[in-house]
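Observations on chain architecture
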Amino acid sequence: MGFIDYLQLGVPQGFMGYVEYPKLRGAEREFLWDHTWDIDIPTPPRAVYWPGTEFLKTRLIDISWDIPKELNGEIRAEIRGFSIIQVGGYKSSGSLTFKFLDFEDQVITTMSLSFMEAGGANRYKFMLRKPDTIIPEMHIYILNSSRLPVRKYILYTLVFRSYEAVTDLNTEPGGGRHEVSLTFDYEHSETVILNARPSLHF
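Residues numbered from 1 in each chain as written. Predicted model: local features only at pLDDT ≥ 70, side-chain atom pairs only at ≥ 80, totals over all residues. Heavy atoms only, no water.

**With respect to the side chain of Ser112**
In this structure, Ser112 sits in helix α4 (residues 107-119). Not counting residues up to four positions away in its chain, the partners in contact with Ser112 are Phe160, Tyr163, Val180 and Leu182. (Helix = DSSP H or I, 4+ residues; strand = E, 2+ residues; numbered from the N terminus. Contact = heavy atoms within 4.5 Å.)

Dropping the structure here:
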């Protein structure tokens, strides 16, 4: 008695024919890791203390941010018991928070206070012009396992909103003032798939 050869019977070619290891293994591809990413800020703010993008990368712990993933324009109509739904357009703005390490040099704290001062000077209640205090453009790169960029997010016009730092005054040692977070709102975003030829812009 011989074993049944399902390939000769044509079973894998029919419905659910993809359920076999050679087709499910991912064609020798790897998943994108969530810790391989990088940023670039081509043009820093004009009138805010800025230690340099390369320096900031060495202090950057993580970035928490949101990018629109749903359409938000909606029209609904009822026609003889049927629901008609139409969507179109979406908000391309969002927010972003950098979390940095700060040391005794207080570089990140100084930058945070500089953004605060530019938005409404504490002593004179005077604010600088928007073009001088924004980060005009920021790039976030998603890298593959070879550290090559495969996806790029472009964020336009980052407007400083707030910063967060530890200001507790304790009587016993046990904490630190090592983390400072800065939050920005951005006005527009684009997504670019870099490993397509030509690259795809959305």
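So, next bit.
**Remarks on the packing of aromatic side chains**
Two aromatic rings, taken as a pair, are described by how far apart their centres are and by the angle between their planes. Across all of its chains, the model carries six aromatic pairs by this definition. Centroid distance Phe115 to Phe160: 5.1 Å. Interplanar angle 20 degrees. Geometry classified as stacked. Of the two residues, Phe115 sits in helix α4 while Phe160 sits in strand β7 (residues 149-165), which places them 45 residues apart along the sequence. Pair check on accessibility: Phe115 and Phe160 agree, each one buried. (Phe/Tyr/Trp six-rings, centres within 6.5 Å; stacked < 30°, edge-to-face > 60°. Buried < 20%, exposed > 50% of the residue type's maximum accessible area, 1.4 Å probe, protein only.)

**A look at the confidence of the model for the protein**
Residues with a pLDDT of 70 or more make up 92% of the protein, whose mean pLDDT is 90. Predicted confidence in the protein is weakest over helix α1 (residues 6-9), with a mean pLDDT of 65, and strongest over strand β6 (residues 135-143), with 98. (pLDDT = per-residue confidence, 0-100.)

**Remarks on the pattern of salt bridges**
The tally for this structure, following the rule as stated, stands at nine salt bridges. The closest approach of N and O atoms between Glu179 and Lys99, which form a salt bridge, is 4.0 Å. Linking Glu179 in strand β8 (residues 179-193) with Lys99 in strand β5 (residues 94-101), this pair joins segments that are 80 residues apart in sequence. By relative accessible area, Glu179 is classed as partly exposed at 32%. Judged by relative accessible area, Lys99 falls into the partly exposed class, the value being 27%. (Salt bridge = Lys/Arg side-chain N within 4 Å of Asp/Glu carboxyl O.)

**Considerations on the side chain of Arg59**
One can find Arg59 in helix α3 (residues 53-59). With sequence-adjacent residues up to four places away left out, Arg59 is seen in contact with Lys99, Phe100, Leu101, Asp102, Phe103, Asp105, Val107 and Ile108.

**Some points on α4**
Between its first and last C-alpha, α4 extends 19 Å over 13 residues, near the 18 Å set by a 1.5 Å rise per residue. The set of residues buried in α4 consists of Val107, Ile108, Thr109, Met111, Ser112, Ser114, Phe115 and Ala118. Structurally, α4 contributes buried residues whose contacts are with α3, β5, α5 (130-133), β7 and β8. (Expected span 1.5 Å × (residues − 1).)

**Observations concerning the environment of Arg151**
You can see Arg151 is positioned in strand β7. Sequence-wise, Arg151 and Thr191 are 40 residues apart; in three dimensions their C-alpha atoms are separated by 7.3 Å. Residues in contact with Arg151, not counting those within four places in the same chain, are Leu32, Ile140, Tyr141, Ile142, Thr191, Val192, Ile193 and Leu194. At 3.0 Å, the side chain of Arg151 forms a polar contact with the side chain of Tyr153. (Polar contact = N/O pair within 3.5 Å; in protein donor to acceptor, adjacent residues only side chain to side chain.)

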